[in-house]
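# Per-entry structural report
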Amino acid sequence: MISRARQLAAAALGGALLLLPAFTGIANAAPASKVYSVTLARTATDMKKVADYWRPDRLKQADNYSPATPGAQAAPTSSAGAVSGPNAPATTAQRTSAGQDVTPVAPKQGGAAKTMGKVFFRFGAKEYWCSASAVASRNRSVVATAGHCAYDSRQAKPAEYWIFVPNPGPNGETPDGIYVGAAITMHEDWAGKGDYDFDYAFVTVHRGFVWDQAKDGTYSMKDVGRLQDNVGGQGLEVNRKPAAYVVAAFGFPAGAQPDGTRPFDGKTLRTCQGGVTYWTAAPALDLQKGVRLQPCDFSPGASGGPWLVDYDATRRLGDLNGVNSLTWNRDAKGAYDAVSSPYFDATTGEVYRRAAALTTPGNVT
């Protein structure tokens, strides 16, 4: 029997159930009933169509689009405030995920990594954006973000015209390339139920490009190679228990705080840092095993940004063990005071490995 999630995905895609379509190199795949990939832009022609949508004139307006958000959650009183600063202290917490972890990778040309950026996409007739990061992978082409930044579980529809721009400039600049999404890999309970225990997605992307302007003012696409080669990739760690370890969360917050103020402009990468010591839940969203970082005043726009443990501020690399999913106003005051992520466990590792095994035209390992 085809699961409800798969039926919804098939309906959203014209009845075609797309399980790893037009991709090769699948290995270590999780059971098909739980982890699957949905096509965004399959061929080079599809990729060019998405690229043409995001020409420089549209990219210059991209920061004015709406930051995607699943909505804020109210909860019992807790401490409030913001923490900044990218240097996460070392932790002695033990890993319990032998064989699951992925080592972070620096850019091919050396230097500090530039993995963090924004994803731009469209649901219906409206453009949105979120935060995201590149993750080290065997295909050198994987982006991690929140599930709601790639797939609308309410309508059972994948995002359209999805791109990742690492290290974006404030006026639409793309110094490290534009990477068109090829396929979303996720857990079926996100697609089928909107279960926030699985509000994460790993998106396999095509080779990057930049817009090259000729003397006559026309633009052409210039290939810049694979994502990981250009910007590096964060590591991945799963199954670390949320007790007395330190995480650095990153994102581009922009939306209003509960009191209507807008302290962030969405153009600057921000950081919250602190100990993750809490499990958190939101039964209305099927969230049973979230982990919470508090204090943190991230607002909409930070969705999808990485949670990194053992973060090295010099190399700008660490191990991904969460993504910004929900913002919280736990003390019911004027500002958000916490952010939460789904707990990254062995299932997350299975979703990641599926995305890391996909190849796209021009990205054959």
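Above this note sits the structure.
This text gives an overview of the structure that appears in the document. Everything quoted here is computed from the prediction, not taken from an experiment. Positions within a chain are numbered from 1, following the residues in the order the chain's sequence is written. Local features in this predicted model are restricted to residues of pLDDT 70 or higher, and side-chain atom pairs are both shown and tallied only at a pLDDT of 80 or more, whereas totals for entire chains, interfaces and linings draw on every residue. Calculation of side-chain values draws on the structure's entire complement of heavy atoms; hydrogens and water are dropped beforehand.

### Here's the deal with the nonpolar core
- One finds V119, F121, W162 and F202 to be the most contacted residues of the largest nonpolar core, which totals 59 residues.
- Each helix is a run of H or I in the DSSP string that is no shorter than four residues. Each strand is a run of E no shorter than two, and both are numbered from the N terminus. Of the residues forming this core, the biggest block, 5 residues, is contributed by strand β5 (residues 126-135).
- Each nonpolar core is a collection of buried residues, namely Ala, Val, Leu, Ile, Met, Phe, Trp, Tyr and Cys, held together in the definition by side-chain atoms within 4.5 Å. Each residue is placed in one exposure class: buried if its accessible area under a 1.4 Å probe, protein chains only, is under 20% of its type's maximum, exposed if it is over 50%, and partly exposed if it falls in between. Among the nonpolar cores identified, the runner-up in size contains 20 residues, and W54, L59, W129 and F209 belong to it.

### Quick notes on the environment of T204
- In this fold, T204 is placed in strand β11 (residues 201-205).
- Judged by relative accessible area, which is 0%, T204 ranks as buried.
- Distance in space between the C-alpha atoms of T204 and A183 is 5.4 Å, their sequence separation being 21 residues.
- The definition of a polar contact used here is a pair of N or O atoms within 3.5 Å, where within protein one atom must be able to donate a hydrogen and the other to accept one, and adjacent residues in sequence count solely through side-chain atom pairs. One polar contact links the side chain of T204 to the main-chain carbonyl oxygen of A355, over a distance of 2.9 Å.

### Brief notes about the packing of aromatic side chains
- Here a pair means two rings of Phe, Tyr or Trp (six-membered ring of Trp) with centres within 6.5 Å. Their orientation is stacked below 30 degrees between planes, edge-to-face above 60, and tilted elsewhere. Counted under the stated rule, the structure contains 14 aromatic pairs.
- Geometrically, the ring pair formed by W54 and Y65 is edge-to-face, given 6.2 Å between the ring centres and 65 degrees between the ring planes. Remark: Y65 occurs in the loop between α3 (56-59) and β2 (66-67) and W54 occurs in the loop between α2 (44-53) and α3; sequence separation between them is 11 residues. Each of the two residues, W54 as well as Y65, counts as buried.
- Through a chain of ring-to-ring contacts, three or more aromatic side chains come together here, namely Y53, W54, Y65, F120 and Y161.
- Counted as over-ring charges are cases with an Arg CZ or a Lys NZ within 6 Å of the ring centre that also lie within 35 degrees of the ring normal. When the ring centre of Y53 is taken as origin, the NZ or CZ atom of R58, which lies over that ring, is 3.8 Å away.
- Positioned above the aromatic ring of W129, the side-chain terminus of K118 is 4.4 Å from the ring centre.

### A word on the pattern of salt bridges
- Salt bridge criterion: a side-chain nitrogen from Lys or Arg within 4 Å of a carboxyl oxygen from Asp or Glu. Considering all chains together, one arrives at 10 salt bridges under this definition.
- Of the charged contacts in the structure, one is a salt bridge between R140 and D229, with a shortest N-O distance of 2.9 Å. With a gap of 89 residues between them, R140 in the loop between β5 and β6 (142-145) and D229 in helix α5 (residues 227-231) connect regions that are remote in the sequence.
- Residue R140 is classed as partly exposed on the basis of its relative accessible area of 25%.

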